[in-house]
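# Analysis of the macromolecular model
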Amino acid sequence: MRINIAIDGPSAAGKSTIAKKCAKLLGYSHLDTGAMYRCVAYKAKKEGIDWNDEEKLAEMIKNMKIDFDKNGNVYLDHEDVSQKIRTNDISMGASSVSRHLKVRECLVELQQQIAKNKGYILDGRDIGTVVLKDAELKIYLVASASARAERRIKEYIEKGIDFDRDEIIKDIERRDYQDMHREHSPLKKAEDAIEIDSSDLTIDEVVSKIKNELDRLGVVYD
Ligand code: DC
């Protein structure tokens, strides 16, 4: 039996890392829906479209192509933008463009099309509540703001990227607020989601908790 899995939660809670690990375990495909909102913000910036201009953004999306390869690289209109969409500026931009209903409607439809044959793990903010309301397994992955900031900092050090600790914490808090308080599909836990707090857990410990849920559902994996 192939199922769909929804993983939602605030930024930097480890959703993508966990989703990738679970996809490998199950032989499923992973769709990083945040990357799609990031592509919208990136392309808008390149074309001089205001992140607040809902009409122009919706028009722009009709002519944009987003693809993923097996390694999780992201292609926007055939250009590899995997790294370019991960800057702080584009993170805030993605959060801004995601407030608009018309932007959400376009991307949600695409996400539902992709996942319709099951065997998908989608991570984002509204997967369990909107995109895959009927997902067989829903995880709500949280972590304290300080734990999330520490992880971001570690990642920046590893990649040799300059950072400002206070800015990182402020960005996480600002994005949490914006994503949780917007009018359309704000980040919230689906009623039937299982909450996992990863603040004091390793990646493997989180995966092990998810394995327990897969066992409960009778899903077979290696
Ligand atoms: O997961 P992420 O940090 O890459 O997401 C970037 C932004 O996109 C996030 O701040 C809110 C938005 N987003 C959303 O509204 N719905 C999703 N399903 C995924 C992301």
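Structure shown above.
Residues numbered from 1 in each chain as written. Predicted model: local features only at pLDDT ≥ 70, side-chain atom pairs only at ≥ 80, totals over all residues. Heavy atoms only, no water.

With respect to spatial proximity, 14 residues lie near the ligand, and among them Arg 38, Arg 104, Asp 126, Asp 179 and Arg 182 are the closest. In the model, a nitrogen atom of the ligand is placed 3.0 Å from a nitrogen or oxygen of the Thr 33 side chain. Arg 104 is positioned with one of its side-chain polar atoms (N or O) 2.8 Å from an oxygen atom of the ligand. For the ligand, whose unbound accessible area comes to 450 Å², protein coverage reaches 96%. Those elements that provide at least two residues to the shell around the ligand are helix H2 (33–47), helix H4 (88–97) and helix H8 (165–181). With four residues, the top contributor of residues to the shell around the ligand is H2. Among the residues forming the shell around the ligand, the class breakdown is two nonpolar, five polar and seven charged. (Near = heavy atom within 4 Å. Polar contact = N/O pair within 3.5 Å; in protein donor to acceptor, adjacent residues only side chain to side chain. Areas by Shrake-Rupley, 256 points an atom, 1.4 Å probe, with all protein chains shown as cover. Helix = DSSP H or I, 4+ residues; strand = E, 2+ residues; numbered from the N terminus. Nonpolar A, V, L, I, M, F, W, Y, C, P; charged D, E, K, R; others polar.)

Turning next to the side chain of Asn 4. Structurally, Asn 4 can be placed in strand E1 (residues 4–8). Look at Asn 4 and you get buried, because its relative accessible area is 4%. At a separation of 3.1 Å, a polar atom in the side chain of Asn 4 contacts the main-chain carbonyl oxygen of Ala 115. When sequence neighbours within four positions are dropped, the list of residues in contact with Asn 4 reads Ala 115, Lys 118, Gly 119, Tyr 120, Leu 132, Ala 135, Glu 136 and Leu 137. (Buried < 20%, exposed > 50% of the residue type's maximum accessible area, 1.4 Å probe, protein only. Contact = heavy atoms within 4.5 Å.)

What follows concerns the packing of helix H1 (residues 15–26) against helix H9 (residues 203–217). Helices that pack against each other are described as a pair by the angle of their axes relative to one another and the distance between those axes. Following both chains from N to C, one finds H1 and H9 inclined at 50°, their axes separated by 10 Å at the closest point. By the angle between their directions, the pair H1 and H9 is classed as oblique. Crossing geometry of H1 relative to H9 is assigned as right-handed. Contact with H1, carried on its side by Thr 17, Ile 18, Lys 21, Cys 22, Leu 25 and Leu 26, involves Ile 203, Asp 204, Val 206, Val 207, Ile 210, Lys 211 and Leu 214 of H9 and no other residues of that element. Grouping the amino acids of the contact of H1 with H9 by side-chain chemistry returns nine nonpolar, one polar and three charged. (Axes fitted to C-alpha atoms, helices over the stretch in contact; angles between N-to-C directions. Parallel < 35°, antiparallel > 145°, perpendicular 65-115°, else oblique. Left-handed = near helix turned anticlockwise from the far one by under 90°.)

A few words now on the sheet that holds strand E6 (residues 120–124). Strand order in this open sheet of five strands is E2-E6-E1-E7-E8, and the pairing throughout is parallel. Each having just a single partner strand, strand E2 (29–32) and strand E8 (194–197) make up the two edges of the open sheet. When strand polarity is set aside, the average angle formed by the axes of neighbouring strands in this sheet is 20°. Judged from the four bridges that link them, E1 and strand E7 (residues 137–142) form a sheet pairing that is parallel. (Pairing = 2+ DSSP bridges.)

One open sheet holds the three strands; their spatial order is E3-E4-E5, and the pairing between them is antiparallel. With partners counted over all chains shown, the strands left at the sheet margins are strand E3 (66–68) and strand E5 (79–80), one partner each. Across three bridges, the pairing between E3 and strand E4 (residues 74–76) is antiparallel. Bridging from a neighbouring strand, Ile 66 pairs with Leu 76 of E4. Contacts between H2 and the sheet are confined to E3, E4 and E5, with E4 contributing the most and set at about 35° to the helix.

Formed by 34 residues in total, the largest nonpolar core has its most connected members in Val 40, Met 64 and Leu 122. Those elements that place two or more of their residues in this core are H2, helix H3 (54–62), E4, H4, helix H5 (101–114), E6 and helix H6 (127–131). Broken down by element, this core gets its largest block of residues, eight residues, from H2. Look past the residues within four positions of Val 40 in its chain and what remains in contact with it is Leu 57, Met 60, Ile 61, Met 64, Val 97 and Leu 107. In this structure, Ala 13, Tyr 28, Ile 139 and Leu 214 belong to the second largest nonpolar core, which totals 21 residues. (Core = buried A, V, L, I, M, F, W, Y, C linked by side-chain atoms within 4.5 Å.)

Worth remembering: the numbers are spatial, not functional.
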